Amino acid sequence: MAAVETFYDVIRRQGITRRSFTKFCSLTAASMGLGATGAAKVAQALETNARVPVIWMHGLECTCCSESFIRSAHPLVKDVVLSMISLDYDDTIMAAAGHQAEAILKETKEKYKGKYILAVEGNPPLNEGGMFCIDGGRPFVEKLKWMAEDAAAIIAWGACASWGCVQAAKPNPTQATPIDKVITDKPIIKVPGCPPIAEVMTGVVTFITTFGRLPELDRQGRPQMFYSQRIHDKCYRRPHFDAGQFVEHWDDEAARQGQCLYKMGCKGPTTYNACSTVRWNNGVSFPIQSGHGCIGCSEDGFWDKGPFYERLSNINQFGVEANADRIGITAAATVGVAVAAHAAVTAISRVTVKHDDKAAPKDK
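Along each chain, residues carry numbers from 1 onward, in the same order as the chain's sequence is written. Totals for whole chains, interfaces and linings use all residues, but because this is a predicted model, local features are given only for residues with pLDDT of at least 70 and pairs of side-chain atoms are given and counted only at 80 or more. Each side-chain value is worked out from all heavy atoms of the structure, with water and hydrogens disregarded.

(A) Fine view of the nonpolar core. Residues belong to one nonpolar core when they are buried, are Ala, Val, Leu, Ile, Met, Phe, Trp, Tyr or Cys, and are joined through side-chain atoms within 4.5 Å. Relative accessibility thresholds used throughout: buried, under 20% of the residue-type maximum; exposed, over 50%; partly exposed, between the two (1.4 Å probe, protein chains only). If you look at the biggest cluster of nonpolar residues, it comprises 36 residues, and the most contacted ones within it are Ile117, Ile155, Trp157, Val191, Val200, Val204 and Ile288. Looking at which element gives the most residues to this core, the answer is helix 9 (residues 198-211), with five residues. In what follows, residue pairs with any heavy atoms lying within 4.5 Å of each other are defined as contacts. Those residues in contact with Ile155 that lie beyond four places of it in its chain are Ile117, Leu118, Ala119, Val120, Ile189, Val191, Val204 and Ile208. Per the convention used, a helix needs a DSSP run of H or I reaching at least four residues, while a strand needs a run of E reaching at least two, with both numbered from the N terminus.

This is the structure:
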């Protein structure tokens, strides 16, 4: 069996220069936060590692993950799909259909047993034998289990595959179920969001392609490089939260000044994602910057956690924070105490100076 081409083999055949390749490696390493030596490691891996076969399957979903993925800027999705990986199957963007598409699945499963990545967008419904989602003439849940048998690892794209999302919201008549509740014997990387950020998606694929292993995951199975901090921790409106300055009504003066959206229902304090650092649309913006609070779409069960415009309550372990009702009063009180203390110190200093002036002998 002929060896699978490397990424470097493909781009050189396409006429890409060594200099452009080096620049690509530098940008890719920077996007994944790999540090000063990251570019050299990326270059070495892409020159020597075979392209990873990828099967991308779709269950119950709205295709927003695919829509996000194709808009990646670092790296460009064309480089990921056409060069870095071997995207053997994706029924949304592939040319083949029907029996030809089904044949590709069987061929990949047999030819690359234990070597391919199974990327799953959406989730399987379990009610009535999985009949609420039929793919290729059979329930999607059966097809998912069949392809997962020989996969090296599974990527759960988006909130649908990771948590269930709107399909699994109460009362969940189809019994839509997250991937990890169905596939329990394979490593699963959860990349939640509705949809996930494009560069987060391509970053995960790039990491696996580059280093031949899965990224470090948190206790919920998410890549730590992108999901280790709350949006609240890096939000540019955070100083307003700490100062007790909140938007009370849409388009009030506080909103025009860009103050904190916490009281308008922003879920940034409890949502782990890279929105406030990586941002969207090639780093242009993210929802909070556009004037709308975070809805917590990368967290488990966000559809069942109350209205999007109802503020959070009883948030624990906020560090320096108290809560939105008290923090403004506390801040004002602290400022008042500081002013009073400063005034007292100034008054004492003046009295002391006057006393010293009286006590000192006068020159004759």
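(B) Representation of the confidence of the model for the chain. Of the residues in the chain, 80% have a pLDDT of 70 or more, and the chain-wide mean is 83. Per residue, pLDDT measures the predictor's confidence, with a range of 0 to 100. With pLDDT under 50 throughout, residues 316-325 is counted as low confidence; its partners more than four residues away or in other chains account for 20 contacts. Scored below 50 in pLDDT, residues 327-341 shows nine contacts in the model against residues more than four places distant or in partner chains.

(C) The arrangement of the packing of helix 6 (residues 99-111) against helix 7 (residues 140-148) in detail. Convention adopted: a line fitted to C-alpha atoms gives each axis, helices being fitted over their contacting stretch, and angles between N-to-C directions are expressed from 0 to 180 degrees. Contact geometry for helix 6 and helix 7: axes closest at 10 Å, N-to-C directions at 30°. Of the possible angle classes, the one that applies to helix 6 and helix 7 is roughly parallel. Contact with helix 6, carried on its side by Glu102, Leu105, Lys106 and Lys109, involves Lys143, Trp146 and Met147 of helix 7 and no other residues of that element. Its residues placed into classes, the contact of helix 6 with helix 7 shows three nonpolar, no polar and four charged. An angle counts as roughly parallel when it lies under 35 degrees, as roughly antiparallel when it exceeds 145, as roughly perpendicular when it falls between 65 and 115, and as oblique in every other case. Gly falls in the polar group here, along with every residue not listed as nonpolar (Ala, Val, Leu, Ile, Met, Phe, Trp, Tyr, Cys, Pro) or charged (Asp, Glu, Lys, Arg).

(D) Structural view of the environment of Lys143. For Lys143, the position within the fold is in helix 7. Accessibility expressed as a relative area gives 0% for Lys143, which makes it buried. Distance from Lys143 to Met57, taken between C-alpha atoms, is 9.2 Å for residues 86 residues apart in sequence. In this structure, Lys143 is in contact with Met57, Tyr89, Glu102, Leu105, Asp135, Gly136 and Arg138, ignoring residues within four places of it in sequence.

(E) Representation of unusual backbone geometry. In the segment running from Lys170 into Pro171, the intervening peptide bond is cis, with an omega of 5°. Looking at where Pro171 falls in the secondary structure, it is placed in the loop between helix 8 (158-162) and strand 7 (188-191). At the junction of Cys194 and Pro195, the peptide bond is cis and its omega measures out at 0° in the coordinates. Summarising the element assignment, Pro195 is placed in the loop between strand 7 and helix 9. With phi around 60°, Asn282 is a residue other than glycine that occupies positive phi space. When you line up the elements, Asn282 lands in the loop between helix 13 (253-256) and helix 14 (324-359).

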